[in-house]
Amino acid sequence: MKNVLVLLILFSSFTIIGQDKGLNFGVKAGLNYGDNGKIEFTDLTNAGDNLLSENADDRVGYHIGVFLRGDITDNFYLKPELQYTQNNSSYSFNNRELDYDLKKLDLPILAGVYLLGPLHVFGGPSLQYIIDNNLEDVRLSNVKNEFTVGVQFGVGLQIRRLNIDLRYERGISENQAQSIDENTGQTIRVDSRPNQFILSLALDL
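Described in the following lines is the structure provided in the data block.

On a plain count of helices and strands, the protein comes out with one helix and 12 strands. Mapped in sequence order, the helices and strands of the protein form the string α-β-β-β-β-β-β-β-β-β-β-β-β. Among the 205 residues that make up the protein, the fraction classed as buried is 44%. Of all intrachain contacts in the protein linking residues separated by at least 6 positions in sequence, the fraction that spans at least 24 positions is 67%. Accessible surface, the protein as shown: approximately 10800 Å² in total, 56% of it carbon and sulfur.

Okay, here's the thing in structure tokens:
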């Protein structure tokens, strides 16, 4: 809860500054396509040997949120965003498929440059607070770090009040959720870092 308040306070601060300088406030929503990291099964009774390690399969998720955009110069802008995101991925092994769902709050703090007319490129850090994570048929503990950092960069088109952009996001803080199978003694670890492409549609209000 403390980390959620930190994100809200940070975005509120940007909003207050934006109101003083007459910046643009808006709403956004879109789709995510990608995955999280590997799933690993470790045998604690046999010197911690890895029994299985599988990469995630890509799945579609979604996000919805708000943003504040301010032009610092004619060609340069800053754009903090606050959004709710659900990432989905799946793991296939031994004729079995497990779905992994991750819900989080994101606060990307982006800097962008207008190149030609409505075309712009941008990038920056993304602060992330993990609300919930769920692996199908497996009771996972909380992730190691609820508050993590990622990076986003992409390209977009700003046409009057409408903006569409495509970006790539990668989590850079190592983070895992894990569970221990009491019957087999195996430890299950899931890498919760996002690795995805994000398509967003935004509207200035």
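So, about the pattern of salt bridges. Considering all chains together, one arrives at eight salt bridges under this definition. Across the pair Glu81 and Arg167 runs a salt bridge, and its minimum N-O distance is 2.9 Å. Of this pair, Glu81 sits in strand β5 (residues 76-93) while Arg167 sits in strand β9 (residues 162-171), and the two are 86 residues apart along the sequence. In this structure Arg167 comes out as buried when scored by relative accessible area, which is 1%. Among the ionic pairs, Asp165 bridges to Arg167, the shortest N-O distance being 3.1 Å. In terms of burial, Asp165 and Arg167 fall into one category: buried.

Turning our eyes to something else, we now look at the side chain of Asp165. When you line up the elements, Asp165 lands in strand β9. Owing to a relative accessible area of 3%, Asp165 belongs among the buried residues under this scheme. At 3.3 Å, the side chain of Asp165 forms a polar contact with the side chain of Asn163.

Attention now moves to a negative patch on the surface. Negative charge collects at one region of the surface, where Asp57, Asp58, Glu97 and Glu136 lie side by side. Relative to the helices and strands, Glu97 resides in strand β6 (residues 96-116). Judged by its relative accessible area of 46%, Glu97 falls in the partly exposed class.

Taken as a class, soluble globular proteins show a tendency for nonpolar side chains to be buried jointly. In this structure, Ile39, Phe41, Ala56, Tyr91, Leu98, Tyr100, Leu102, Ile130, Leu135, Ala177, Ile188 and Val190 together form the largest nonpolar core, which totals 12 residues. Secondary structure elements with two or more residues in this core: β2 (39-43), β6, β7 (119-135) and β11 (186-191).

This part is about the packing of aromatic side chains. If you walk through the whole model with that rule in mind, you get four aromatic pairs. Ring geometry for Tyr62 versus Tyr84: centroids 6.3 Å apart, planes at 50°, classification tilted. Taken together, the residues span a long stretch of sequence, with Tyr62 in strand β4 (residues 57-71) and Tyr84 in strand β5 at a distance of 22 residues. Since its relative accessible area comes to 25%, Tyr84 is described here as partly exposed. Geometrically, the ring pair formed by Tyr168 and Phe197 is tilted, given 5.3 Å between the ring centres and 55° between the ring planes. Within this pair, whereas Tyr168 is found in strand β9, its partner Phe197 is found in strand β12 (residues 195-204), the two being separated by 29 residues in sequence. Here Tyr168 falls in the partly exposed class, since its relative accessible area comes to 23%. Counting every residue linked through ring pairs, the aromatic cluster contains Phe153, Tyr168 and Phe197.

Calculation notes
- All residue numbers refer to position in the chain's written sequence, counted from 1.
- Restriction of local features to residues with pLDDT of at least 70 applies here, the model being predicted, together with a cutoff of 80 or more for giving and counting side-chain atom pairs; totals for whole chains, interfaces and linings are based on all residues.
- The side-chain values count all of the structure's non-hydrogen atoms but skip hydrogen atoms and water molecules.
- Here a strand is any run of E in DSSP of at least two residues, a helix any run of H or I of at least four, and the numbering for each starts at the N terminus.
- Type-normalised accessible area, obtained with a 1.4 Å probe on protein chains alone, sets the label of each residue: buried when under 20%, exposed when over 50%, and partly exposed for intermediate values.
- Contact between two residues is taken to exist if any of their heavy atoms lie within 4.5 Å; hydrogens are not considered.
- Surface accessibility follows the Shrake-Rupley procedure with a 1.4 Å probe radius. Residue values consider only the protein chains on display as shielding.
- By definition here, a salt bridge exists when the distance from a side-chain nitrogen of Lys or Arg to a carboxyl oxygen of Asp or Glu is within 4 Å.
- Counting of polar contacts relies on pairs of N or O atoms within 3.5 Å, with two restrictions inside protein: one atom must be capable of donating a hydrogen and the other of accepting it, and residues adjacent in sequence are counted only when both atoms are side-chain atoms.
- Two joining distances apply to patches: 9 Å for like charges and 5 Å for nonpolar side chains (Val, Leu, Ile, Met, Phe, Trp, Tyr), and every residue must have over 30% relative accessible area and no salt bridge.
- His residues and chain termini do not enter the charge count, which takes Lys and Arg as positive and Asp and Glu as negative.
- In this description, the location of a charge corresponds to atom NZ of lysine, CZ of arginine, CG of aspartate or CD of glutamate.
- Residue types Ala, Val, Leu, Ile, Met, Phe, Trp, Tyr and Cys, when buried and joined through side-chain atoms within 4.5 Å, form a set referred to as a nonpolar core.
- Here the aromatic set is Phe, Tyr and Trp, taking the six-membered ring for Trp, and pairing holds for ring centres within 6.5 Å; pairs whose planes are under 30 degrees apart are stacked, those over 60 apart are edge-to-face, and all others are tilted.

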